[in-house]
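The primary structure of each chain is shown beneath.
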Amino acid sequence: MSYGNIFMCLRSATGGAWSDYVSHPFVTSLGDGSLPRTAFMGYLVQDYLFLRHFSRAWALAVTKAETLEEMRHAASAVNALLNDEMALHVQLCARAGISEGALERAEERLETLAYTRFVMDAGHAGDFLDLLVALAPCVMGYGEIGLRLRARGTGGPYAEWIETYGGDAYQALCRDVGGLMDKAGARRIGTFVEDSPRWPSLAGRFRIATVLETRFWDMGLAMGATATPAEA
C-alpha cells in the first residue's frame, strides 16, 4: 500500500487512533461476515447521507484549488461519489427493501452530523490542503481496509462492499488522492512537510477526522441492536 508521503506521515502521527479505525470490531466482523445485518444496513444508510456531504466537500475543493490539475482531481472525485459510490449504496439498500426515497428521508445521526460538519468547516476555514487532510482518512482508510479484507479472500454477505473498496479502481483513486496531497503540500508548505509550522495543525485535523471515522463504526455496531434503520 502506497498512498503518498504526506498521507503516510499523517497516518503515523495519529498514534493509536489509526489502528483503532482500520482494525475496529465493525471492520473485522464485516470481513468475516459475522456483522449483524441491522448494523451493516444502519451504517449504510448513514454512509449514504455522509456521502452527500462528502460530495459537497469535494465540490468545495474545486473552488479552493489553485491549479487546473487540482480542479480536475476534485471534480473527478465528485463524479465518482455521486455516480458510482452512492449508486452502490442505493443498490445494496434496495436489495434490503430500503428505497432511494427512504434513504433521502432518513435522519442524520449525531455521528454523521459531527463528521460531515467537521469536514465542511475544514474546507471553509482553511485552504485546499486543509480540506484534503480532512477528507483523507475516509478515502485512504476505506482503501486500506478494503485491500486488507480482500487479500484475506473472505466472501460472505459483504463481499461486494469489500470488492468495491479493495478493487483496482478504488485503489487507483487512493493513489491519485495521495499524489494530489503530496503536490498540494509541496506547493503550499514545501517538500519537508513535517518541518512546516502548519504541520501540527494538519496532523491534528487528520487525527480528529480519524477519530470521527472510528465513532462512525461505533455507531454502526450500536445500530446492530436496533430495528430496521429505514423503511421502504
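Residues numbered from 1 in each chain as written. Predicted model: local features only at pLDDT ≥ 70, side-chain atom pairs only at ≥ 80, totals over all residues. Heavy atoms only, no water.

- The name that an unreviewed UniProt entry assigns to the chain is Thiaminase II, with the source organism given as Haematobacter missouriensis.

**Focus on the overall build of the chain**
Item 1. A tally of regular secondary structure across the chain gives 11 helices and 0 strands.
Item 2. When the elements of the chain are put in sequence order from the N terminus, they spell out α-α-α-α-α-α-α-α-α-α-α.
Item 3. Judged by the C-alpha coordinates and their principal axes, the chain covers about 50 × 35 × 30 Å.
Item 4. In the chain, of all internal contacts separated by at least 6 residues, the share reaching a separation of at least 24 is 81%. (Helix = DSSP H or I, 4+ residues; strand = E, 2+ residues; numbered from the N terminus. Contact = heavy atoms within 4.5 Å.)

**Looking at the nonpolar core**
Proteins that are soluble and globular tend to have nonpolar side chains buried together.
Item 1. Ranked by internal contacts, the top residues of the largest apolar core, which has 82 residues, are Phe40, Trp58 and Trp161.
Item 2. A per-element tally of this core places helix 4 (residues 37-64) first, with 15 residues.
Item 3. Apart from the residues lying within four places of it in its own chain, the contact partners of Trp58 are Ala74, Ala77, Val78, Leu81, Leu132, Leu135, Val139, Val177 and Leu180. (Core = buried A, V, L, I, M, F, W, Y, C linked by side-chain atoms within 4.5 Å. Buried < 20%, exposed > 50% of the residue type's maximum accessible area, 1.4 Å probe, protein only.)

**Focus on the side chain of Gln46**
Item 1. Here Gln46 shows up in helix 4.
Item 2. In this view, Gln46 contacts Glu107, Glu108, Arg109, Thr112, Phe216, Met219 and Met223; residues no more than four positions away in its chain are not counted.

**Things to note about the state of the cysteines**
Item 1. Across all of its chains, the model carries 0 disulfides by this definition.
Item 2. With no disulfide partner, Cys138 has as its closest neighbouring cysteine sulfur the one in Cys174, 9.5 Å distant. (Disulfide = S-S within 2.5 Å.)

**Considerations on helix 8 (residues 128-151)**
Item 1. Relative to the 34 Å expected for 24 residues at 1.5 Å per residue, helix 8 spans 33 Å between its end C-alpha atoms, a close match to the ideal helical length.
Item 2. Along helix 8, the largest kink reaches about 45 degrees and is centred on Leu135; proline Pro137 follows within four residues of it.
Item 3. Of the residues trailing helix 8, Gly153 is marked for its positive phi of about 75 degrees. (Expected span 1.5 Å × (residues − 1). Bend = angle between axes of the 7 residues up to and from the residue.)

**Brief notes about the environment of Leu180**
Item 1. Summarising the element assignment, Leu180 is placed in helix 10 (residues 168-189).
Item 2. Remark: the alpha-carbon pair of Leu180 and Tyr3, spanning 177 residues in sequence, is separated by 9.9 Å.

**Looking at the confidence of the model for the chain**
Item 1. Here the chain averages 93 in pLDDT, and 95% of its residues register 70 or above.
Item 2. For residues 227-232, every residue scores under 50 in pLDDT, and the model assigns this stretch 13 contacts once sequence neighbours within four places are set aside. (pLDDT = per-residue confidence, 0-100.)

**Examining the pattern of salt bridges**
Item 1. Following the criterion strictly, the structure yields 14 salt bridges and no others.
Item 2. Residue Arg52 pairs with Glu104 through a salt bridge whose shortest N-O separation is 2.7 Å. On the criterion of sequence distance, the pair formed by Arg52 in helix 4 and Glu104 in helix 6 (residues 100-105) is long-range, its members being 52 residues apart.
Item 3. Exposure remark for Arg52: the relative accessible area of 23% places this residue in the partly exposed category.
Item 4. Residue Glu104 is classed as partly exposed on the basis of its relative accessible area, which comes to 39%.
Item 5. Here Glu70 and Arg188 are joined by a salt bridge, their closest N and O atoms 2.8 Å apart. Of this pair, Glu70 sits in helix 5 (residues 68-95) while Arg188 sits in helix 10, placing them 118 residues apart in sequence.
Item 6. Look at Arg188 and you get buried, because its relative accessible area is 17%.
Item 7. Here the residues in one salt-bridge network are Glu66, Glu70, Arg187 and Arg188, joined through shared partners. (Salt bridge = Lys/Arg side-chain N within 4 Å of Asp/Glu carboxyl O.)

**Considerations on the environment of Arg52**
Item 1. Placed 34 residues apart in sequence, Arg52 and Met86 show a C-alpha to C-alpha distance of 8.2 Å.
Item 2. If near-sequence neighbours (up to four positions away) are discounted, Arg52 is found in contact with Met86 and Glu104.

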